[in-house]
Each structure stands twice: as C-alpha cells, then as structure tokens.
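Observations on the three-dimensional arrangement
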Amino acid sequence: MKLVILDYGAGNVKSVQFACKRLGFDAVISNNAEVLKRADKVIFPGVGEASSAMKKLKGKQLDHVIKNLEQPVLGICLGMQLMCRYTEEGTTQGLGIFDVSVKKFAPTVKVPHIGWNTISGLKTSLFKGVSEASYVYLVHSFYAEKSNETTALTTYGVDYSSALQKANFFGVQFHPEKSGDVGELILNNFLTL
Amino acid sequence: MLAKRIIPCLDIKNGRTVKGVNFVNLIDAGNPVELAKRYAEKGADELVFLDISATQEGRQTTLTMVHDVAEQLNIPFTVGGGINSVNDVEALLKNGADKISINSSAVRNPNLIADIARQFGSQCVVVAMDAKCINNEWIIHLAGGTIPTRKELFHWAKEVELLGAGEILFTSMNHDGTKNGFANEALSQLSKTVNIPIIASGGAGTIQHFVDAFHIGKADAALAASVFHFEDIEIADLKQVLSTNNIEVRL
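Owing to the predicted nature of the structure, the values given are computational and were not obtained by experimental measurement.

Quick look at the overall build of chain A
A count of helices and strands for chain A gives six helices and 13 strands. The C-alpha atoms of chain A give 15 Å as radius of gyration, which agrees with the globular expectation for 193 residues (16 Å, within 12%). When the backbone C-alpha atoms are referred to their principal axes, chain A occupies close to 45 × 35 × 25 Å. Within chain A, the proportion of its 193 residues that are buried is 59%. Taking contacts inside chain A between residues at least 6 apart in sequence as the whole, the part at least 24 apart equals 69%. Of the accessible surface of chain A, which amounts to about 7200 Å², a share of 49% is contributed by carbon and sulfur atoms. Of the charged side chains in chain A, 21 are positive and 17 negative; the average position of the first set lies 3 Å away from that of the second.

A few points about the packing of helix α8 (residues 207–215) of chain B against helix α10 (residues 235–244) of chain B
For any two helices packed against each other, the geometry is given by the interaxial angle and the distance between the axes. Residue and element names in this part refer to chain B. Between α8 and α10, whose axes approach to 10 Å, the crossing angle comes to 45°. Relative to α10, α8 is oriented oblique. For the pair α8 and α10, the crossing hand works out as right-handed. Seen from α8, the contacting residues are I207, F210, V211 and F214; seen from α10, they are D237, L238, V241 and L242. For the contact of α8 with α10, the per-class residue count stands at seven nonpolar, no polar and one charged.

Quick word on the environment of B:I233
Residue and element names in this part refer to chain B. Summarising the element assignment, I233 is placed in the loop between α9 (226–229) and α10. By relative accessible area, which is 5% here, I233 ends up buried. I233 sits 174 residues away from R59 along the chain, and the two C-alpha atoms are 31 Å apart. For I233, the contacting residues outside a window of four places in its chain are G205, T206, I207, F210, V227, F228 and L238.

Here we look at the interface of chain B and chain A
Taken together, the 37 residues of chain B in the interface contact 28 residues of chain A. Across the chain B-chain A interface, the total number found is two salt bridges. For B:D98, the salt bridge goes to A:K178, with nearest N and O atoms at 2.9 Å. Applying the counting criterion to the chain B and chain A interface returns 19 residue pairs in polar contact (both at pLDDT 80 or more). Looking at the side of chain B that touches chain A, the elements that each hand over two or more residues are α2 (56–72) and α3 (86–94) of chain B. Sorting elements by how many residues they give to the side of chain B that touches chain A places α2(B) first, with four residues. Residues belonging to the side of chain B that touches chain A are distributed by class as follows: 15 nonpolar, ten polar and twelve charged.

Some details on the pattern of salt bridges
Residues and elements named next belong to chain B. Scanning the entire structure with this criterion turns up 21 salt bridges over all chains. One salt bridge in this structure joins K179 and D232, with 3.2 Å as the shortest N-O distance. Remark: D232 occurs in the loop between α9 and α10 and K179 occurs in the loop between β9 (167–172) and α7 (184–193); sequence separation between them is 53 residues. Taking relative accessible area as the criterion, K179 reaches 36% and is therefore assigned partly exposed. Looking at D232, the relative accessible area reads 46%, which means it is partly exposed.

Focus on the packing of aromatic side chains
Applying the stated criterion across every chain yields a total of twelve aromatic pairs over all chains. Where A:F105 meets A:Y156, the ring centres are 5.3 Å apart and the plane angle is 90°; that geometry is what we call edge-to-face. Here A:Y156 lies in strand β11 (residues 150–156) and A:F105 lies in the loop between β7 (98–104) and β8 (113–119), a separation of 51 residues in the sequence. A:Y156 matches A:F105 in its accessibility class, with the two residues each being buried. These aromatic residues form a ring-pair network of at least three members: A:F105, A:Y143, A:Y156 and A:Y160. Sitting above the plane of the A:F190 ring, A:K41 keeps its charged end 6.0 Å from the centroid. Above the ring of A:W116, the side-chain terminus of B:R250 is found at 3.6 Å from the ring centroid.

Comments concerning unusual backbone geometry
Trans is the prevailing form of peptide bonds, just as negative phi is the prevailing case for residues other than glycine. Residues A:V111 and A:P112 are joined by a peptide bond in cis, for which omega reads 0°. In this fold, A:P112 is placed in the loop between β7 and β8. Even without a glycine there, the phi angle at B:N135 is positive, about 45°. Here B:N135 falls in the exposed class, since its relative accessible area comes to 76%. We note that B:N136 has phi near 65°; this positive angle belongs to a residue other than glycine. Using a relative accessible area of 76% as the deciding quantity, one classes B:N136 as exposed.

What counts as what
- One numbering rule holds for all chains: residues counted from 1, following each sequence as written.
- Each chain takes a letter, starting from A, and each ligand takes a number, starting from 1, following the order in which they are written.
- Local features in this predicted model are restricted to residues whose pLDDT is 70 or higher, and side-chain atom pairs enter the listing and the counts only when it is 80 or higher, whereas totals over whole chains, interfaces and linings include all residues.
- Where side-chain values are given, they derive from all heavy atoms of the structure, hydrogens and water being excluded.
- Helix and strand labels come from DSSP, where a helix needs a run of H or I of at least four residues and a strand needs a run of E of at least two; each type is numbered from the N terminus.
- Here the radius of gyration uses the C-alpha set of atoms, whereas the globule reference equals 2.2 Å times the residue count to the power 0.38.
- Think of it in three bands: with a 1.4 Å probe and only protein chains considered, a residue is buried below 20% of the maximum accessible area for its type, exposed above 50%, and partly exposed in between.
- Working rule for contacts: check all heavy atoms of both residues, and any pair within 4.5 Å makes them a contact.
- Areas reported as accessible are Shrake-Rupley estimates using a 1.4 Å probe. Residue values count occlusion only from the protein chains shown.
- Note on charges: Lys and Arg go in the positive column, Asp and Glu in the negative column, and His and the chain ends are not counted at all.
- All charge positions are set by atom: Lys at NZ, Arg at CZ, Asp at CG, Glu at CD.
- For every element, the axis is a line fit to its C-alpha atoms; helices are fit only across the contacting stretch, and the angle between N-to-C directions ranges from 0 to 180 degrees.
- Note on angle classes: values under 35 degrees are labelled roughly parallel, values over 145 roughly antiparallel, values of 65 to 115 roughly perpendicular, and the remainder oblique.
- Helix crossings get a hand from a simple test, with the near helix turned counterclockwise from the far one by less than a right angle marking a left-handed crossing and a clockwise turn marking a right-handed one.
- For this classification, Asp, Glu, Lys and Arg are treated as charged, while Ala, Val, Leu, Ile, Met, Phe, Trp, Tyr, Cys and Pro are nonpolar and the rest, including Gly, are polar.
- The term salt bridge refers to a pairing of a side-chain nitrogen on Lys or Arg with a carboxyl oxygen on Asp or Glu at a separation within 4 Å.
- N or O atoms within 3.5 Å of each other form a polar contact, as long as, within protein, one can give a hydrogen and the other can take it, and as long as residues adjacent in sequence are counted only when both atoms are side-chain atoms.
- Aromatic pairs are defined between Phe, Tyr and Trp rings, using the six-membered ring for Trp, whenever the two ring centres lie within 6.5 Å; interplanar angles under 30 degrees are classed as stacked, those over 60 as edge-to-face, and all others as tilted.
- Criterion for a charge above a ring: Arg CZ or Lys NZ at most 6 Å from the ring centre, at most 35 degrees from the ring normal.

What follows is the structure in structure tokens.
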C-alpha cells in the first residue's frame, strides 16, 4: 500500500509517520500533487493556525488536489478542521468537504482544550472494536459543530464533532498517533480499510 | 468529560535519564525510551523531559533522544530546559516533541512566547514558573529557585496567557522536594486568574496530595518525579483513588 502523509509545513508529521511505522506501515511524506494523487491512502495532519495553514495549502495548489482525491483520506486535528466549510480561526474558508462550521470554544471552559477526553456515539468502520467512551488525546481551541456527518462526539462545554465522515473523507479532531492503544486501533482501522 | 492528567517528569542529561529511577525489571534505567514506554504502560497521561545538560553537545544528544522517544511512544510528551529561541523549538518539534516548556528564557524575553505561539500554535507552548512565597507574595525565581526576579506569579501568569501560552506549569519552591503536598491555595488562585490549563508541580508525597491538588487546587494536571520513579506511588493505584474521589481520570 502506498501511504502518503501530506506535509504542507503546518505541524508535526513525524509523530504520524512514527505511529504508522509502529503499526507496520511505511509512509511517504510529501507535498507533491502527483504523489498524493497516486497514493492508496492519504493522511492530512496539521497543527497550528488555520488561516496560515490554508494559505500554505493554497500556495502549493493542494487545496484542489485534496478535495478531488477519491482514495481514503484521514484529516487529523487542524487537517480535519480545514476539511470543513469554514473556521472562525482567522475567518478562514475551508475546503468544504464537510458541510460544518468550526467555532471557538466559549470562555466558560479553559481554552485550549488539552488532554484526554471521551468519544461516544461512534459510527463507521474507523471505530471498529473501539468501546464507547474511550479516551483519546486532544489539543485544540476550535471545534467542529455537530452535524449529520458526525461519527464521534465529545463534550467540552458543548457537544461537538470529534470525528466526521463523508464518502472517502474521514476526519478526527483527536490525535490517534498520541492516543495510546485506542489511537493505534483507530489508526490501524483507517490503514486497513 | 476531560480527564485530569498525571504527568511523570524525567530529568535528562546528555541524552540519558538521570536521578535514580528504581523500576524493577528495567534493564537500563538510564534509557529514556525504555522508561518512557514503561510509564505509558503504567498509565501516565503525558511525560515531561527536562534537559539539564550544561553543554551544547549535551543538547544535541537530547535531539536524538527526542527523536527516539517519539518513534516509540504513543502518548504526548513535552521537552523543557535550555530553550532560548524559535529555532530551538523548531528543532525539538521537528524531532517529534509535542510541546516545549520554557522558563527563564520567557522571563528574560516574554516575546519569545508570542513568537513560538505564532509560528507553531499556543497548544505547544508550556510556560514553566518556579515561584517562592516570600512575605505573602509569590515571586518568580530562575535557575532552580536560586535567583529571584521582579515578577509576581499571578501577574506573570496573566501576561503569558495574553502572549499566547497554552499551559502553565507551576512549581512551588516552598513545596518542591518536601513531599508535604502541592501549593493548593496558590494553584486555585492561579486557576481563577487565567483561563488556560494549570499543571501542578512540587510537593507530591502521597496519593491524598494529588486528590487535594485537583479538589482544592483546581489543577488540570499534576506532575511529579521521585514518587513515581521510586514507585512510592503506582499510577494505577493513584488513578483508582482519584476515581473513587469523583475525579475524572483515564483508567
């Protein structure tokens, strides 16, 4: 299997690559459109600020490439948020794959949301074998709203989408590469889809 | 619900863990990768590595160590000690660290916090604060509590929050090493002062101390070193007790 991790200069791709390796999958790190198109699976990670990350994607004309991929794509953290329609962070238009808005947490809770929280209402094969209310590791200040594309919910002040899916596109707000055994199970589910 | 975090802290010198770690069946207690994995298995939610290397060569070895740990560890980890610039941060993150922790360099140059946050996001910036209570005032100290500054803990906390810090790691120099419990009053005041997570450090001796840090101190996470390294407290037992005290933990 040709597994490609998209590196567009926003975030720690190394941890994702290491996690795949621990599961026995060698991943290529690339920002080349042709390499992405030819991949069997693509992981779209991301940490940092949304508008500058989106600018980096557009600068490399990767926004259109990602949207038109037909193989399974997994967006992680900011990657997932950029797959949404719009994010309040830097008032950024996203890729619009998920018809969902991304909003800032209200100051009624501590922001960023850092640490281990539970996922529930689990849907789709991404969560095969994962128990309801399993703990995953999250670090973020903005959240994707609940929608009919939601495949996992987390509660932090509000109920929000900690996972989304539409056709071949999967998104997770949490970091499967940092979420212990549960995270490895979820990542493995994606890699063996 | 968001769980309270338990964070063992490991001192690193020239790429090796120092301070006697006393695990049974651990072939090489100085090997940070082996120790990190063992802690992850024991139920640690996160790890902090504090680089106490005094030389440039020592720091270079730390980068290799960070890479090796990231390769093997499936929980997040923070690296602190000797970070003075955005370049230092970039090197650590590129090698797989999830967060970095800055202390004296932030006091000397507060804008470093903003520079790191802008480039890599607030989520990776932990500002560590060593404070000593003198005449009812919590004064920030540098160099392991030996050098007092003009900064006061709560003002400094507010300032770093505004500059873009993602978390505060507060060590009470009055409590550190005493095993008499955390500085719960100051912790709870800190929690009221800022709206970013607070990691409690300094003073852990018993399981009850952790219960108090969360209940009274309102901490979001608690960090300790020797009680874990010498197995005075097993993380699994600690989390069980926290759970029976209605404190949310990842079991």
